[in-house]
Amino acid sequence: MNKALQTLVDRGFVKACTDYDALSDLMNAGPVTFYVGADPTGKSLHIGHMVPFFAMHHLQNAGHNPIALVGGGTAMIGDPSGKTEMRRMLTVEQIKKNCASIKEQLGTVVDFSEHPEGGKGKAVALNNADWLNGLNYITFLREIGKHFSVNRMLTFESYKQRLERGLSFIEFNYQLLQSYDFYILNRDHGCRLQIGGDDQWGNIVSGIELIRKLGGPECYGLTFNLITRSDGHKMGKSEKGAVFLDPELFSPYDFYQYWRNVNDADVVRFLKLFTFLPLEEIAQYEREDVNINEAKDRLAYEQTKIIHGEEEAEKARTAAKAMFNGANLGLVGREGMPSLVIGKQELETGIGVLDLFSRTDLAATNSDARRLVAGGGAWIGDRRVDNPKTLIDSSYLDEYGELILRAGKKRYFRIIVE
RNA sequence: GGAGAGGUUCCCGAGUGGCCAAAGGGGGCAGACUGUAAAUCUGUUGGUUAUACCUUCGAAGGUUCGAAUCCUUCUCUCUCCA
């Protein structure tokens with residue numbers, strides 16, 4: 001099998017392919033242009049969205065040419081695949097904004113530079129709004145719609161499910177539009193392969209069929225496993241909500257912690273999928289005598305480095321070590337920690353614990369803070385605060401003239417006094 | 001257009017006049033145990049200037065001493081019929 005294709009299989013990406021042998025031959029014959037779509041339904045992608053793009057990275061490194069397609073046009077509609085509910089409609093301005101920020105985020109794993117080095121393929125980012133928004137309904141029906149059989153579409157699993165819950169007509173059209181995307185990318189960019197999550201199988205196959213019917217070359221589809229966590233939680237969901245790539249929405253420190261806390265059973269699998277470490281290197285973490293926590297630290301560090309850069313990864317790691325390993329790294333260790341600045345004056349007067357905690361991320365409201373304190377989970381430095389009426393003043397400052405607030409064992413917050 | 005079912009707190013889902021800030025489960029948070037893991041057990045889970053008060057059961061009115069519960073109108077979803 002083709003080496004790059006084999007890499008994806010070995011790393012645990014691949015779920016299914018329309019034709020392994022033919023695709024392998026095609027990839028052996030030279031660089032293949034391929035694409036994956038991303039829907040700009042939000043301002044930021046979360047890590048669950050990233051699986052196909054990590055795969056894209058590996059294929060680009062092997063010399064193939066990626067097209068990252070942002071669905072500025074299809075986002076107007078909403079994809080019913082794998083969802084039981086109708087997606088809410090977004091405004092045109094929102095979609096535009098989302099497209100721009102998503103393109104930027106993809107740059108963390110895909111090299112969009114003009115002249116990529118080291119034998120990499122040339123990557124481009126396109127927006128299907130460019131060809132979808134101007135479509136004429138009647139023309140589209142005549143030229144594209146006639147190739148689709150409703151009977152056949154209804155046999156797809158994704159539609160079957162939705163038929164029970166209700167499916168709007170425009171969502172039903174999604175498959176036609178995605179197929180048309182593939183057709184356009186093939187016609188204008190020589191794209192021969194579409195990759196994507198397993199839920200995209202039906203849409204991908206339809207695209208291949210459309211291209212064939214319109215006289216294009218044989219194209220291929222490659223789908224990836226839906227990544228799940230061994231505890232059954234959805235990938236990319238944390239107690240704080242989705243694990244977004246945008247540091248504004250999900251801090252690099254929390255991001256690091258998310259990976260640092262994955263289940264034992266997931267570590268090696270995630271190292272293969274979500275880092276670029278060579279498989280030989282990952283293999284050493286599978287050995288029984290290796291401390292699993294080292295593997296988790298490596299996973300967290302590598303993943304944070306890819307998404308947020310080396311500096312942030314270092315900060316997050318240092319902060320984590322300072323907090324959990326008891327290493328007294330001084331102020332340096334606190335840099336990656338979420339923080340808040342309060343006035344010196346205010347502290348000297350004294351601040352109620354509840355007030356203080358509710359102003360941080362540790363408690364959402366006063367009541368929330370009250371529960372935390374009453375439950376014995378509120379700490380300042382190494383002092384447990386269990387009386388909600390406690391007044392926090394400068395006597396609580398540590399040797400650096402700061403307060404380190406803690407909720408439970410894992411959530412820290414730094415109060416800087418000025 | 002006609003007939004019926006329904007919209008409850010983060011989610012699912014009980015509740016058909018006061019004992020309802022609303023059972024139960026899930027999820028979350030905290031405590032215990034641990035390895036910053038999993039599993040398990042316990043507590044907690046609308047807000048506030050907090051043994052009380054305020055806001056919440058699709059929306060707006062009404063009946064009542066008192067409404068998530070009864071009535072009216074509106075609205076949305078689903079099912080069946082044409």
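Residues numbered from 1 in each chain as written. Chains lettered and ligands numbered in written order. Predicted model: local features only at pLDDT ≥ 70, side-chain atom pairs only at ≥ 80, totals over all residues. Heavy atoms only, no water.

I would appreciate a short explanation of the overall build of chain A in the present structure.
When helices and strands are counted, chain A shows 19 helices and 15 strands. Projected onto its principal axes, the C-alpha positions of chain A cover 80 × 45 × 40 Å. Residues classed as buried in chain A amount to 50% of the 418 residues present. Sequence-distant contacts in chain A: of pairs separated by 6 or more residues, those separated by 24 or more amount to 72%. Computed over 49 positive and 55 negative side-chain charges, the inter-centroid distance for chain A is 4 Å. (Helix = DSSP H or I, 4+ residues; strand = E, 2+ residues; numbered from the N terminus. Buried < 20%, exposed > 50% of the residue type's maximum accessible area, 1.4 Å probe, protein only. Contact = heavy atoms within 4.5 Å. Lys, Arg positive; Asp, Glu negative; His and termini not counted. Charge placed at Lys NZ, Arg CZ, Asp CG, Glu CD.)

How should the pattern of salt bridges be read in this particular structure?
Pairs can form between side chains of opposite charge once their charged atoms are near each other. Taken as a whole, this structure holds 14 salt bridges when the rule is applied. Between Arg414 and Glu402 there is a salt bridge whose closest N-O contact spans 3.0 Å. With Arg414 in strand E15 (residues 411-417) and Glu402 in strand E14 (residues 402-407), this residue pair connects regions lying twelve residues apart in the sequence. Glu402 matches Arg414 in its accessibility class, with the two residues each being buried. In the salt-bridge network here, residues are joined through shared partners; they are Glu281, Arg298 and Glu302. (Salt bridge = Lys/Arg side-chain N within 4 Å of Asp/Glu carboxyl O.)

Can you walk me through the UniProt feature "short sequence motif: 'HIGH' region" (unreviewed entry) in chain A in this structure?
Following the UniProt record, one finds the feature "short sequence motif: 'HIGH' region" (unreviewed entry) at residues 40-49. Within residues 40-49, the helical portion is 0% and the strand portion 0%, while the C-alpha atoms at the span's ends are 11 Å from each other. (UniProt positions renumbered as here; feature names shortened; annotations may be inferred.)

Whenever I open this one, the sheet that holds strand E5 (residues 191-197) confuses me. Can you help?
The strands that make up a sheet are held in pairs by hydrogen bonds between backbone atoms, and each pair lies either parallel or antiparallel. Judged by pairing direction, the sheet is mixed, and its six strands sit side by side in the order E1-E6-E5-E2-E3-E4 without closing on themselves. Strands with a single pairing partner mark the edges of an open sheet, and in this sheet they are strand E1 (14-17) and strand E4 (124-127). The sheet shows a mean angle of 25° between the axes of neighbouring strands, taken without regard to direction. By the bridge criterion, three bridges tie strand E2 (residues 33-38) to E5 in an arrangement that is parallel. Across the sheet, Phe34 pairs through a bridge with Leu193, a residue of E5. Contacts between helix H10 (residues 174-189) and the sheet are confined to E2, strand E3 (65-70), E4, E5 and strand E6 (220-224), with E5 contributing the most and set at about 145° to the helix. (Pairing = 2+ DSSP bridges. Axes fitted to C-alpha atoms, helices over the stretch in contact; angles between N-to-C directions.)

Can you help me understand the domain arrangement of chain A in this one?
Often, the extent of an interface is quoted as the loss of accessible area upon association of its parts. Each domain of chain A was delimited in the assignment, giving domain 1 (3-224), domain 2 (237-330) and domain 3 (339-417). Between the C-alpha centres of domain 1 and domain 2 there is a distance of 29 Å. Taken together, the contact pairs 17 residues of domain 1 with 22 residues of domain 2. Carbon and sulfur atoms make up 68% of the area that domain 1 and domain 2 hide from each other, which totals about 1700 Å². For the domain 1 face of the interface with domain 2, the top three residues by lost area are Arg11, Ile47 and Phe54, together amounting to 43%. Our count for the domain 1 to domain 2 interface comes out at zero salt bridges. Considering each element in turn, the side of domain 1 that touches domain 2 owes the most residues, four residues, to helix H3 (residues 51-61). Here the side of domain 1 that touches domain 2 is built from residues that sort into seven nonpolar, seven polar and three charged. (Domains from an automatic or database assignment. Buried area = accessible area lost by both parts, 1.4 Å probe. Nonpolar A, V, L, I, M, F, W, Y, C, P; charged D, E, K, R; others polar.)

Please clarify how the nonpolar core should be interpreted in this entry.
Note on soluble globular proteins: their nonpolar side chains tend to be buried together. By size, the foremost hydrophobic cluster in this structure holds 61 residues, and its most contacted members are Phe13, Met50, Phe53, Leu222, Phe224 and Trp259. Formed jointly, this core draws a minimum of three residues from each of two domains, domain 1 (3-224) and domain 2 (237-330). Leave out the neighbours within four places in its chain, and Phe224 touches Leu8, Phe13, Val14, Lys15, Val51, Pro52, Ala55, Ile195, Gly196, Gly197 and Asp198. One finds Leu177, Ile184, Leu210 and Ile211 within the second-largest nonpolar core, a separate group that totals 26 residues. (Core = buried A, V, L, I, M, F, W, Y, C linked by side-chain atoms within 4.5 Å.)

I tried to follow helix H2 (residues 20-29) on my own but got confused; where do I start?
Structural remark: α-helix, 3.6 residues per turn; residues separated by three or four positions point the same way. Inspection of H2 places Leu23, Ser24, Leu26 and Met27 among the buried residues, and these make up the whole buried set. Angularly, the buried residues of H2 cover 160° about the axis, an arc narrow enough to put them on a single face. Exposed positions of H2 whose direction lies more than 90 degrees from the buried face are Asp21, Asp25, Asn28 and Ala29. Looking at the packing, one finds that the buried side of H2 touches helix H1 (3-10), E1, H3, E5 and E6. You can read the cap of H2 off the contacts: a side-chain oxygen lies 3.3 Å from the backbone nitrogen of Asp21, and it is on Asp19. Count one or two residues on from H2 and you reach Gly30, which has phi positive near 155°. (Arc of directions from axis to C-beta. Polar contact = N/O pair within 3.5 Å; in protein donor to acceptor, adjacent residues only side chain to side chain.)

Which parts of the structure should I look at to understand the pairing of E3?
For a regular strand, side-chain orientation follows a simple rule: the groups alternate between the two sheet faces. For E3, the tally of buried residues reaches five of six residues, placing the bulk of the element in the interior. Remark: the E2/H3/E3 crossover connection has right-handed handedness. In this structure, E3 lies alongside E4, joined through four bridges in parallel fashion. Following the sheet pairing, Ala68 is matched in E4 by Ala125. (Right-handed = clockwise from strand over helix to strand, strands pointing away.)

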